[in-house]
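# Fold and geometry: a report
Below are the chains, spelled out letter by letter.
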Amino acid sequence: MLVYEMKLEGETVQYEKLDEAIRTGLFVRNSIIKAWIDGQVKSRNDAYKYCKILADNLDFPWAKKLNSMARQAHAERAWAAIERFYKNCKAKVPSKKAVRPRDDGSRKGTRTKRGYPKFKKYQVRASVEYKTSGWKLSEDRRYLVLTDKFEAGTFKLWGSRDLHYYQLKQIKRVRIIRRHDGYYAQFLIDHTREEKKELTGKQTGLDVGLNHFYTDSEGNQVDNPRFFRKGERQIKKLQKRLSRTKKGSKNRIKARNRLGITHLKVSRRRNDWACKAAQRVIRSNDLVAIENLKVRNMVKNHHLAKSINDAAWYKFREWLEYFGRIYGVPVIAVEPFNTSQNCSNCGKKVSKTLSTRTHKCPRCGYEADRDENAAINILQSALKQLSTTPGRGESNISGETGLCLDGETQTDKPTRRKRKSK
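Rules behind the numbers
Residues numbered from 1 in each chain as written. Predicted model: local features only at pLDDT ≥ 70, side-chain atom pairs only at ≥ 80, totals over all residues. Heavy atoms only, no water. Helix = DSSP H or I, 4+ residues; strand = E, 2+ residues; numbered from the N terminus. Buried < 20%, exposed > 50% of the residue type's maximum accessible area, 1.4 Å probe, protein only. Contact = heavy atoms within 4.5 Å. Areas by Shrake-Rupley, 256 points an atom, 1.4 Å probe, with all protein chains shown as cover. Pairing = 2+ DSSP bridges. Axes fitted to C-alpha atoms, helices over the stretch in contact; angles between N-to-C directions. Patch = residues over 30% accessible without salt bridge, like charges linked within 9 Å, V, L, I, M, F, W, Y side chains within 5 Å. Salt bridge = Lys/Arg side-chain N within 4 Å of Asp/Glu carboxyl O. Lys, Arg positive; Asp, Glu negative; His and termini not counted. Charge placed at Lys NZ, Arg CZ, Asp CG, Glu CD.

## Some details on the overall build of the protein
Scanning the protein from terminus to terminus reveals nine helices and 16 strands. Counting every position in the protein, which comprises 422 residues, the buried fraction comes to 42%. When contacts within the protein are restricted to residue pairs at least 6 apart in sequence, long-range pairs at least 24 apart make up 67% of them. Taken as a whole, the protein presents about 25,900 Å² of accessible surface, with 48% of it coming from carbon and sulfur.

## Regarding the sheet that holds strand β11 (residues 212-216)
Pairing within the open sheet is mixed, and its five strands lie in the order β12-β11-β10-β13-β14. Across the chains shown, the open sheet's two edge strands, defined by having one partner strand only, are β12 (221-223) and β14 (331-334). Averaged over all neighbouring strand pairs, the angle between strand axes comes to 20 degrees, with direction disregarded. Where β11 meets β12, three bridges bridge the pair, whose relative direction is antiparallel. Paired with His 212 across the strands is Asp 223, a residue of β12.

## Let's talk about a nonpolar patch on the surface
A surface patch of nonpolar side chains, amounting to about 280 Å² of accessible area, comprises Ile 37, Tyr 116 and Phe 119. Mapped onto the fold, Ile 37 is located in helix α1 (residues 12-37).

## Remarks on the sheet that holds strand β9 (residues 182-189)
The seven strands are arranged β4-β8-β9-β1-β7-β6-β5 in an open sheet whose pairing can be described as antiparallel. The outermost strands of the open sheet, each flanked by one partner alone, are β4 (126-130) and β5 (135-137). Taking each pair of neighbouring strands and ignoring which way they run, the sheet shows an average axis angle of 30 degrees. Note that strand β1 (residues 2-9) and strand β7 (residues 153-158) share three bridges and pair antiparallel. Each residue of the ladder has a partner; that of Leu 8, found in β7, is Leu 157. Its contacts with the sheet place helix α3 (residues 68-90) against β4 and β8 (171-179), and it is angled at close to 120 degrees to β4.

## Examining a positive patch on the surface
A cluster of like positive charges, contributed by Arg 233, Lys 236, Lys 237, Lys 240, Arg 241, Arg 244, Lys 250, Lys 254 and Arg 258, occupies part of the molecular surface. Elements that contribute at least two residues to the positive patch include exactly α4 (227-244) and α5 (250-283). Sort the elements by how many residues they give to the positive patch and α4 lands first, with six residues. Along the chain, Arg 241 turns up in helix α4.

## Section: the pattern of salt bridges
Opposite charge on two side chains makes pairing possible when the charged atoms of those side chains draw close. For the coordinates displayed, the defined rule picks out 19 salt bridges. Note that Arg 179 is salt-bridged to Glu 5, the shortest N-O span being 3.1 Å. One end of the pair, Arg 179, is in strand β8; the other, Glu 5, is in strand β1, with 174 residues separating them in the sequence. For Glu 5, a relative accessible area of 30% corresponds to the partly exposed category. Between Arg 173 and Glu 129 there is a salt bridge whose closest N-O contact spans 2.6 Å. Of this pair, Arg 173 sits in strand β8 while Glu 129 sits in strand β4, and the two are 44 residues apart along the sequence. For Arg 173, a relative accessible area of 17% translates into the label buried. Residue classification places Glu 129 among the buried residues on the basis of a relative accessible area of 6%. Residues joined by salt bridges that share partners form a network here, namely Glu 76, Arg 77, Glu 129, Lys 131, Arg 173 and Arg 175.

This is the structure:
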């Protein structure tokens, strides 16, 4: 599926109605989590039924204002968190240690299970999701009308996407997102994007780093843009202004929005750069090999966490796998075991520290840049993995599920099996 995003233009009263709808969707999601904890919800169907109970409850008159399918969409969000918790328990994911304050003010370490569903608090970035009802488009596809009982009204759509290429029945969901710089509408369109690409006869391995964003197996290097580092001075200045304001005041809300908009600009620059860089790599090669890095574990190093997050390695990998599916280019993720230590020429292990930036093999005399040597090892491992795994010449061979981002989502209805003949 495709995701098209456009900005909403309306009046202040309309935005207040959207805030009520977003807050109600958050209430439905948290209520289902609470019902699951109490044992009232034990399946997805129970979550759907509990939405009806909330709508009929006189103590929560605002719940009935939200469209019924929108309530179901938030029930699906709650049940997705519960299913993720069950999956982690089944896979025996190790628990993590959390520090909680005691009543007397002291702190005590307790063991909490990883992925346990939590209640979401009210924050600026939030959304409400509609399925096939509760909204409609104008004939020129430039205006969006929300038809639920919140009566938010008609909003003008601002964006470069043209919805005339798709039928209305292809739009499966409409998601209203609130950010620091306004409100946006995302249209989930049932369409498979495919692009043709001429064969280039090139194969490349990529080794990501902090000095350079990545180095390929041919020795080409791309500089790290460091968007957060460039805007860090302005962010610190706005954070100081926010800390000096009084809690609950209008000046604090204004300062928080200025800070949030600055963070949005940094993240958008980073995402746009990663998207364009990934597309260039995919279109210029017939096979791309990368490392299967565990970024979540790597950022536990507090000396490098800021630089690793600013580099956006995982975002770059997501875009590589997305464009790999579109252009039909295999993207193979290999395990990063001794890729920077082994010699790409003879295979002997040459131990070196992070400060050693040149690979020199005492056995064969091969000398190259450390990252270039690692990129060649990554490509060799990918080719070996591809040759030993027949019938898996498609993209996303790493086995991980591709994320939607600004691209595709996965279908939620499996194919029906045929009945056995009697």
